[in-house]
Amino acid sequence: MPVSTAKHTPHTREVLGACPHDCPDTCALITTVDQQTGKAIRVQGNPDHPQTAGALCTKVAKYLDRTYHDERLLYPLRRTGAKGSGQFERVSWEEALEDIAARLGAIAKRDPQAILPYSYAGTMGLVQGESMASRFFNRLGASQLARTICSIAGGEGLIHSIGQKVGMLVEHFADSHLILIWGSNSITSNLHFWRYVQEAKRAGAKLVCIDPRRTETAEKCHVHLAIQPGTDAALAFGLMNEIVANGWADEDYIEKYTVGWAKLKERIRQWPADKAAQTCGIDADSIRALARDLGTTRDAGIRLNYGMQRVRGGGNAVRAIAALPAVTGAWRSHAGGLLMSNAGRFPIQRDALQRPELLAGATPRTINMVTIGDDLLKPASPLFGPAIEALVVYNSNPVAVAPESQKVVSGFSREDLFTVVIEQFQTDTADYADYVLPATTQLEHWDIHGSYGHTDVLLNRPAIAPLGEARSNASIFRDLAGRMGFTDSCFADSDEALCRQAFAEPVDFEQLERHGYQTLPMPSAPFAEGGFPTPSGKFEFFSQRLQDAGLDPLPDHVPNYEPAGADKRYPLAFISPPARRFLNSTFVNVRSLRDVEGEPLLEMHPQDAQSRSIGDGEWVLVYNDRGEYRCKVALNNRARPGVVNGLGIWWRKFASDGRNVNELTSQRLTDLGQGPVFYDCAVQVRSDP
Ligand code: SF4
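Because the structure is a prediction, the values reported are computed rather than measured.

This brings us to the site of the ligand. As a structural note, the neighbourhood of the ligand is formed by C19, C23, D25, T26, C27, L56, C57, V60 and H192. Per-class residue counts for the shell around the ligand are 6 nonpolar, 2 polar and 1 charged.

See below:
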């Protein structure tokens, strides 16, 4: 049973909260507030929350720098200069809301589908994410947004194999004897998982990292397989080929708890280790050695993360990797199996939060957020519907993070596009707004959180009053609903009431109020005896649902759209993992963190630099047909030959040439889920002194 940690003294009080950022760790926070001034004076990890264990990452340890940043947006702003110029004047909430409601109302009268919300995981909170905002857009009948920009391909891969986004409990990795860290720089983006890995390592576990980049995590593992981007499925097939050939498959587990084995085996036969090694750009012996470890080690756990699925075949790759523990029977142990996400474990009441019934039978079109660059430039047509006339952006910074920046910027620059941006800071996207509305930070509002890394629910209470005239996202949409004349009673729900509506049993709100978190009851080894949440109740090597949808029912290696070396003009593969102190584009404006990162950096292997006469620390131009950006180069073995790593995601305005990595990325889509292919990108690099 958790204990309550919040303490009060005559001078200070402590408030329990949750980290809102897009990170699997979802840490429990304690904010200490000075009673006299009402100011937060300390943010720390809750030591009583087992997953947080009192520790925060370097980014959120500096949360006060972010909350009290001297560039926080504190008042509504109206544009006075050209779009993108960043010129605004202060206006009252009254003026801003009145005008926004009038303009959205006029567009909605013609066709509400011409209005598009654009949001993602700027906060992972269920209330300041998609609650009142969804109610507002549903009531309006606006276009729906397919929120695909991060994890959809992998999520679909899991759903069509395991049945849901579920897997091992993260704490059980501490008992694993072999841990594969696949596509994850855990030290920087899953720190609290890394703590369990350290425990396992001390007890003798072997650690293997699979990642094109030699990350901080790869350096600390016993083995690093630096495969070519987008070849993960080939590696999984090479491993399964060796496992089958050597009799290491758990035929009993396969027989009882899986479907489609005979068909998958035929495909596995096509992938001897030598062929897989050639495709992946590694040596075959390393595949044979890893197959032996996987096939013969009890308690082998795979921590799969989302970087690897941002390529054309991302969904299939996740299906192929997810097949491994079903083939070896690793699921029999609590310390074996796979974890990509446990988001499917949470009893979230989305309909109660979002109220789809407000659509009142309307079926607006859906726009994919990945293709916002193209879609903002599309005229009205019978196929597309009305041109997008208004955008309301919250919890996202698409001008910096959406692919193919040139088109995104052209779209946002349209003078006839009415854009409202709800933000804490003047981001690249806010520069293109007609109105910027100041949003509260996590210390200033209510919210409630699940997690995709662990299985605890966390409540976030406001610790301090909103700064300036900032309002929570939910308040802003509540106010806008009022201005639009929406009288449905659900628009009167307070932020706290929304928190109470977010989860069904067994989540106990009183426990959350007392302790800040609640651990959901979970089976220790969820699939030791099958029971997969698929239509067949078994692990699905073969998916009837995919076959019915006209897709390949078995996993396969789907080559990248832009494999390294295929186009002589752009011979290098380009990936854009986050810089260590940034979380996508969040935190880039926190000076203390940006100063440590220095400037946008391209990592390149010395061998690739030599043939281009590029010296360490020089300025280079990275380019392809879609665009170019200029940055400094670091020559080191973090990049494997043939692959360059452009660390992201810098705000464009902080780069010397006002551009970032997404100048180069494409708007093509993944095999499953129509997600982005940020790491499926070919470029060339040249010196640019
Ligand atoms: S580790 Fe993740 S959840 Fe924890 S404080 Fe950092 S960003 Fe937030």
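Further remarks concern the sheet that holds strand β3 (residues 40-45). With respect to topology, 3 strands assemble into an open sheet ordered β1-β2-β3, the strand pairing being antiparallel. Each edge of the sheet is formed by a strand with only one pairing partner; in this case those strands are β1 (12-18) and β3. On average, each strand axis in the sheet is inclined to that of its neighbour by 25°, with strand direction left out of account. Relative to β3, strand β2 (residues 28-34) runs antiparallel, the two being bridged by 5 bridges. Bridged to T31 within β3 is V43.

This next bit is on the packing of aromatic side chains. Summed over the entire model, instances satisfying the criterion amount to 24 aromatic pairs. Where W261 meets F541, the ring centres are 5.4 Å apart and the plane angle is 45°; that geometry is what we call tilted. Taken together, the residues W261 in helix α11 (residues 261-269) and F541 in the loop between β21 (539-540) and α22 (544-548) connect sequence positions 280 residues apart. The same class applies to W261 as to F541, namely buried. Here the aromatic cluster, defined as three or more aromatic residues joined through ring pairs, consists of F136, F137, Y394, F477, F486 and F491. A cation sits over an aromatic face here: K263 above F542, 5.1 Å from the ring centre. Stacked on the ring of W271, the Lys or Arg K275 has its end atom at 4.2 Å from the ring centre.

Time to look at the pairing of strand β16 (residues 418-423). Burial within β16 is extensive, with 6 of its 6 residues counted as buried. Going residue by residue along β16, you find F418, V420 and I422 tucked away on one face and T419, V421 and E423 tucked away on the opposite face as well. Two elements, strand β15 (residues 390-394) and β16, share 5 bridges in a ladder whose sense is parallel. In the strand pairing of β16, L391 is matched with T419. Looking at chain direction, β16 and strand β17 (residues 435-438) are connected through 4 bridges and run parallel. Each residue of the ladder has a partner; that of V420, found in β17, is Y435.

Criteria and thresholds
- Residues numbered from 1 in each chain as written.
- Predicted model: local features only at pLDDT ≥ 70, side-chain atom pairs only at ≥ 80, totals over all residues.
- Heavy atoms only, no water.
- Near = heavy atom within 4 Å.
- Nonpolar A, V, L, I, M, F, W, Y, C, P; charged D, E, K, R; others polar.
- Pairing = 2+ DSSP bridges.
- Helix = DSSP H or I, 4+ residues; strand = E, 2+ residues; numbered from the N terminus.
- Axes fitted to C-alpha atoms, helices over the stretch in contact; angles between N-to-C directions.
- Phe/Tyr/Trp six-rings, centres within 6.5 Å; stacked < 30°, edge-to-face > 60°.
- Buried < 20%, exposed > 50% of the residue type's maximum accessible area, 1.4 Å probe, protein only.
- Lys NZ or Arg CZ within 6 Å of the ring centre and 35° of its normal.

The analysis is restricted to geometry; functional conclusions fall outside its scope.
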